[in-house]
Amino acid sequence: MRKLKLGVMISGSGTNLQALIDACVQKDYPAQIAVVISNRPGAKGLERAKDAGIDAICVDHTTYDDRASFEDAIHQCLKDHDVGLVCLAGFMRILNADFVNRWKDRMINIHPSLLPSYKGLHTHARAIEDGVRFGGCTIHFVRPEMDDGPIIMQAAVPISEAETEDSLAAKILHYEHEMYPTAVRLIAEGNVRVSARKCVFKDIDLDTAGLISPAIK
Ligand code: GRF
């Protein structure tokens, strides 16, 4: 089986990276991680990659004169590793339109909210503050606008009365780890493609059950 080569970009802990590492060790998984790139030298995700025997490279943004040269270095590194799909997994730098367009429909991101609600930071705190009944996470193809682009998968998680930012983050992270390898599989097996502003799917049952919160007795 020819496997899709992933370039995973991180800035921190890398638990989503770990979920991808764990999926990629399965023999029948249709993707493999070719390189992990962090913009932060101390990112725990770099250790996770090294422990798994994956090329782990730090492209430290503070050592570049400007964003364009930093992104050129990342682009070169992805090219050198023959990457076919870039997976942003907690990568905390804004990317210029030039870079994003070079990877159009070949770069995905995971964001901890039900997009297009709650773009940006502190998504869980803002959702709790607003009293919305569901939080969640989204995997989407990347477009130059922040947290924008055709949506591949979403998970919705009910927000309880006693919810805190940390408890909601933990609940949602669980679904992030389930979804990221699944979204990559969809792409690697050619079961999702972009059509205008949306994703269209092949051989996938999109008719999942609805959720109501609070539950109706
Ligand atoms: C996740 O919450 C993800 O949705 C967001 O950044 C966080 C990364 O966590 N983009 P980790 O580094 O994968 O643990």
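Note: the structure precedes this text.
Everything quoted here is computed from the prediction, not taken from an experiment. (Residues numbered from 1 in each chain as written. Predicted model: local features only at pLDDT ≥ 70, side-chain atom pairs only at ≥ 80, totals over all residues. Heavy atoms only, no water.)

### Regarding the overall build of the chain
- Scanning the chain from N- to C-terminus turns up 6 helices and 9 strands.
- Relative to the compact-globule value of 17 Å for 217 residues, the chain shows a C-alpha radius of gyration of 17 Å, a close match.
- With respect to the three principal axes, the spread of C-alpha positions in the chain is 55 × 40 × 35 Å.
- Looking at the chain as a whole, 43% of its 217 residues are labelled buried.
- Within the chain, contacts between residues separated by at least 24 positions form 63% of all contacts whose residues are at least 6 apart in sequence.
- With an accessible surface of roughly 11500 Å², the chain has 50% of that area assigned to carbon and sulfur atoms.
- Placing the 25 positive and 29 negative side-chain charges of the chain at their respective mean positions leaves the two points 4 Å apart. (Helix = DSSP H or I, 4+ residues; strand = E, 2+ residues; numbered from the N terminus. Rg over C-alpha atoms; globule rule 2.2 N^0.38 Å. Buried < 20%, exposed > 50% of the residue type's maximum accessible area, 1.4 Å probe, protein only. Contact = heavy atoms within 4.5 Å. Areas by Shrake-Rupley, 256 points an atom, 1.4 Å probe, with all protein chains shown as cover. Lys, Arg positive; Asp, Glu negative; His and termini not counted. Charge placed at Lys NZ, Arg CZ, Asp CG, Glu CD.)

### A look at the site of the ligand
- If you check the shell around the ligand, you find S13, G14, T15, N16, G90, I110, H111, P112, L173 and E176 and nothing else.
- In this structure, an oxygen atom belonging to the ligand sits 3.4 Å away from a side-chain N or O atom of S13.
- Between the ligand and E176, the relevant distance is 2.8 Å, taken from an oxygen atom to a side-chain nitrogen or oxygen of the residue.
- Coverage of the ligand by the protein chains reaches 80% of its 370 Å² of free accessible surface.
- At a threshold of 2 Å from the grid points, most atoms of the ligand map onto the largest pocket.
- Looking at the shell around the ligand, the elements that each hand over two or more residues are α1 (15-24), β5 (107-111) and α6 (165-188). (Near = heavy atom within 4 Å. Polar contact = N/O pair within 3.5 Å; in protein donor to acceptor, adjacent residues only side chain to side chain. 1 Å grid on protein atoms, 1.4 Å probe; cavity = no way out; pocket = protein on both sides within 12 Å on 5 of 7 lines; lining within 4 Å. Sits in = over half its atoms within 2 Å of the grid points.)

### Focus on the nonpolar core
- V8, I33, I108 and V184 are the most contacted members of the largest nonpolar core, which has 40 residues in total.
- Per element, the largest residue contribution to this core is 8 residues, and it comes from α6.
- Among the nonpolar cores identified, the runner-up in size contains 19 residues, and M9, V59, V86 and V142 belong to it. (Core = buried A, V, L, I, M, F, W, Y, C linked by side-chain atoms within 4.5 Å.)

### Observations regarding the layout of surface pockets
- Estimates place the volume of the largest pocket at around 1100 Å³.
- What lines the largest pocket is a set of 39 residues, among which G90, F91, M92, I110 and P112 lie closest to the centre.
- Secondary structure elements with two or more residues in the lining of the largest pocket: α1, β5, α5 (123-130) and α6.
- Here the lining of the largest pocket gets 4 residues from one element, more than from any other, and that element is α6.
- The class makeup of the residues in the lining of the largest pocket is 17 nonpolar, 14 polar and 8 charged. (Points joined across faces, edges and corners; volume = space filled by probe spheres on them. Nonpolar A, V, L, I, M, F, W, Y, C, P; charged D, E, K, R; others polar.)

### Describing the sheet that holds strand β1 (residues 4-10)
- If you trace the 7 strands from one edge of the open sheet to the other, you get β3-β2-β1-β4-β5-β6-β7, paired in mixed fashion. Every other strand in the sheet has two partners, leaving β3 (56-58) and β7 (151-158) as the edge strands with one partner each. The average undirected angle you get between the axes of adjacent strands in this sheet is 20°.
- Summarising the sheet, β1 and strand β2 (residues 31-38) pair through 7 bridges and their orientation is parallel. Opposite L6, over in β2, you have I33 as the bridge partner.
- Across the sheet, α1 touches β1, β2, β4 (85-88) and β5, and the angle it forms with β2 is around 155°.
- Helix-sheet contacts for α6 involve β1, β2, β4, β5, β6 (134-141) and β7, and the interaxial angle to β7 is about 155°. (Pairing = 2+ DSSP bridges. Axes fitted to C-alpha atoms, helices over the stretch in contact; angles between N-to-C directions.)

### A few points about the packing of α5 against α6
- Running from N to C, α5 and α6 point in directions that differ by 115°, and their axes come no closer than 9 Å. Classified by chirality, the crossing of α6 by α5 is right-handed. Counting all contacts with α5, which are made through H124, A125 and I128, the residues of α6 involved are E165, L168, A169 and I172.
- Classifying every residue of the contact of α5 with α6 by side-chain character gives 5 nonpolar, 1 polar and 1 charged. (Left-handed = near helix turned anticlockwise from the far one by under 90°.)

### Remarks on the pairing of β5
- The buried count for β5 comes to 5 of 5 residues, which makes it a mostly enclosed element.
- Residues M107, N109 and H111 line one face of β5 and the alternating positions I108 and I110 line the opposite face, and both faces are buried.
- Across 3 bridges, β4 lies against β5 in parallel orientation. By the bridge assignment for β5, V86 is matched with M107.
- Handedness of the crossover joining β4 and β5 through helix α4 (residues 97-102) is recorded here as right-handed.
- Examined bridge by bridge, β5 and β6 share 4 bridges and lie antiparallel to one another. Paired with N109 across the two strands is H140, which belongs to β6. (Right-handed = clockwise from strand over helix to strand, strands pointing away.)

Shape descriptors only; they carry no functional weight alone.
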